[in-house]
Amino acid sequence: MIEVGGLVALYVFMLAAVAGYEVITRVPVILHTPLMSGSNFIHGIVVVGAMVALGVAETPLEQAIGFVAVLLGAANAVGGYVVTERMLDMFKSSKKEDG
Amino acid sequence: MSVVVQLSYFVASVLFIFGLKAMSSPVTARKGVMWAGVGMVVATVATFAHPSVGMENLSLILIAIVLGGAFAWYTALKVQMTEMPQMVAVYNGLGGGSAGAIAAVSLLQGARADEGSVAAAMGSDAAVLGLLGAVIGSVAFSGSMIAWAKLDDRLKKSTLVENHQWWNVALAAATLLLAIWVFHTGSGFPILLFFIAALALGIFITVPIGGADMPVVISLFNALTGLAVGFKGYVLGNLALIIAGTVVGAAGMLLTVLMAKAMNRSLMNILFSGFGAAPAAAES
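This is a predicted model, so every value here is computed, not measured.

The rules we used
- Residues numbered from 1 in each chain as written.
- Chains lettered and ligands numbered in written order.
- Predicted model: local features only at pLDDT ≥ 70, side-chain atom pairs only at ≥ 80, totals over all residues.
- Heavy atoms only, no water.
- Helix = DSSP H or I, 4+ residues; strand = E, 2+ residues; numbered from the N terminus.
- Buried < 20%, exposed > 50% of the residue type's maximum accessible area, 1.4 Å probe, protein only.
- Contact = heavy atoms within 4.5 Å.
- Areas by Shrake-Rupley, 256 points an atom, 1.4 Å probe, with all protein chains shown as cover.
- Buried area = accessible area lost by both parts, 1.4 Å probe.
- Salt bridge = Lys/Arg side-chain N within 4 Å of Asp/Glu carboxyl O.
- Polar contact = N/O pair within 3.5 Å; in protein donor to acceptor, adjacent residues only side chain to side chain.
- pLDDT = per-residue confidence, 0-100.
- Core = buried A, V, L, I, M, F, W, Y, C linked by side-chain atoms within 4.5 Å.
- UniProt positions renumbered as here; feature names shortened; annotations may be inferred.

**Things to note about the overall build of chain A**
Here is step 1: The helix and strand tally for chain A stands at four helices and zero strands.
Here is step 2: Along chain A, from the amino end to the carboxyl end, the secondary structure elements read α-α-α-α.
Here is step 3: A buried classification covers 55% of the 99 residues belonging to chain A.
Here is step 4: Residue pairs at least 24 apart in sequence account for 71% of intrachain contacts in chain A once pairs closer than 6 positions are excluded.
Here is step 5: Summed over all atoms, the accessible surface of chain A reaches about 4,300 Å², with 65% contributed by carbon and sulfur.

**With respect to the interface of chain A and chain B**
Here is step 1: Taken together, the contact between chain A and chain B spans 78 residues of the former and 89 residues of the latter.
Here is step 2: Together chain A and chain B conceal approximately 7,500 Å² of surface at their shared face, both sides included; 79% is due to carbon and sulfur atoms.
Here is step 3: Where chain A packs against chain B, one counts three salt bridges.
Here is step 4: In this structure, A:E62 and B:R112 form a salt bridge, with 2.7 Å as the shortest nitrogen-oxygen distance.
Here is step 5: Counting across the interface, chain A meets chain B through 18 residue pairs in polar contact (both at pLDDT 80 or more).
Here is step 6: If you list the elements that add at least two residues to the side of chain A that touches chain B, you get α1 (6-23), α2 (32-42), α3 (46-55) and α4 (60-95) of chain A.
Here is step 7: For the side of chain A that touches chain B, the element with the most residues is α4(A), which contributes 30 residues.

**Things to note about unusual backbone geometry**
Residues and elements named next belong to chain B.
Here is step 1: At D153, a residue that is not glycine, the phi angle is positive and equals roughly 65°.
Here is step 2: Looking at where D153 falls in the secondary structure, it is placed in the loop between α6 (124-151) and α7 (164-184).
Here is step 3: Even without glycine at this site, N264 takes up a positive phi of about 60°.
Here is step 4: By the element assignment, N264 lies in the loop between α10 (239-262) and α11 (267-272).

**With respect to the side chain of A:H32**
Here is step 1: Looking at the element boundaries, A:H32 is found in helix α2.
Here is step 2: Ignoring anything within four residues of it in the chain, the contact list for A:H32 reads A:V27, B:L255, B:L258, B:M259 and B:A262.

**Points about the confidence of the model for chain B**
One rule of thumb: low pLDDT means the predicted coordinates there are not for detailed reading.
Residues and elements named next belong to chain B.
Here is step 1: Chain-level pLDDT for chain B is 90 on average; 95% of the residues reach the 70-or-more range.
Here is step 2: Every residue in residues 275-284 scores below 50 in pLDDT, and together they form 16 contacts with partners more than four places removed in sequence or on other chains.
Here is step 3: Here the complex is predicted with pTM 0.91, and the ipTM for its interfaces comes to 0.91.

**So, the nonpolar core**
Here is step 1: In this structure, A:I42, A:I45, B:L20, B:L107 and B:F194 are the most contacted members of the largest nonpolar core, which totals 120 residues.
Here is step 2: If one sorts the elements of this core by residue count, helix α4 (residues 84-112) of chain B sits on top with 16 residues.
Here is step 3: The contact partners of B:F194, leaving out residues within four places of it in the chain, are B:L107, B:L131, B:A134, B:V135, B:T175, B:L178, B:A179 and B:V182.

**Points about the environment of A:V82**
Here is step 1: Summarising the element assignment, A:V82 is placed in helix α4.
Here is step 2: A residue is classified by how much of its surface remains accessible, and A:V82, at 6% relative accessible area, is buried.
Here is step 3: Sequence separation between A:V82 and A:F41 is 41 residues; the distance between their C-alpha atoms is 8.9 Å.
Here is step 4: Those residues in contact with A:V82, other than ones at most four positions away along the chain, are B:W73, B:A76 and B:L77.

**Regarding the UniProt feature "transmembrane region" (unreviewed entry) in chain A**
Residues and elements named next belong to chain A.
Here is step 1: Under the local residue numbering, the UniProt record ascribes the feature "transmembrane region" (unreviewed entry) to residues 6-24, 36-57 and 63-83.
Here is step 2: Spanning residues 6-24, this segment combines 95% helix with 0% strand, and its end C-alpha atoms are found 28 Å apart.
Here is step 3: Summarising residues 63-83: 100% helix, 0% strand, and an end-to-end C-alpha distance of 30 Å.

What follows is the structure in structure tokens.
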């Protein structure tokens, strides 16, 4: 198993933050809302953490809260994806001529 | 953890970063969403092989994924195009709530672990980042729900109490003190109070903000949820969560500033104009 120790994690945090900043520096205004929606979808990865949290839950209270975590995380991922797709669909039909 | 699971998380992280990159150009935006979608499926499927996801709660996990997914699928397809911003707020809020709930499970386990305190059971670093993620996730959850209610015209009030700014300061201070208590505690009661304070803080911060400024605020909460997810990744030792969450946190923060700039407003002006310190938001 790969340990995510304190310092290694600090480097990962730093590099990921730089990557996040750099990849969207040239975004046009018209894409602001779809990009917000798309990044909202990406943090739906929280569902993976929720699955692990529910997986290790032992008491009924922990199971109940873990269940809610997976429920909300899955809704974040699925809803985020569908909404982003629908936004970009509209974008395509109004902005592009070739189908 | 098996190599296959780790490699799947790696692939997912790469797909997320390049997907986001592709999403910031009109020509490649659709491809970008698809890449990120593939990454999400890869990571989720791989997690079923994660050693922590044993047989015991497997059926609960499956039921929760199906119910949550079906609800979101249905509402996302049904919503009108004009109502998209508030739906983004809702799904973002749910993600923040999920991060908060994960934190609650970790903190409760820490309190139950018979080590004297949450900090001793989890390790001080994980406890601090867990608490930080819990606050941010909870604020993003309740704040996003208020943003949704405002945009959906279900909530028209812009003040809950007299002297709103002092209430915000008091709630922030209370949340901080409760977080310190949770850090040192071995019982569940302060954890409950801590989450109530954090959720109330999100409500009190968001209510004074005008409806016209809400898209910027939703973008801010989106960035905050990303950050909370990144912190959860540290607590759970999951690199995919750290990378995806932090990338969204940074990208979302930049996007928030860009959106505020496109409206000819500064972020500070949007956030604090409702507090009475700066001129009130122009909503005519």
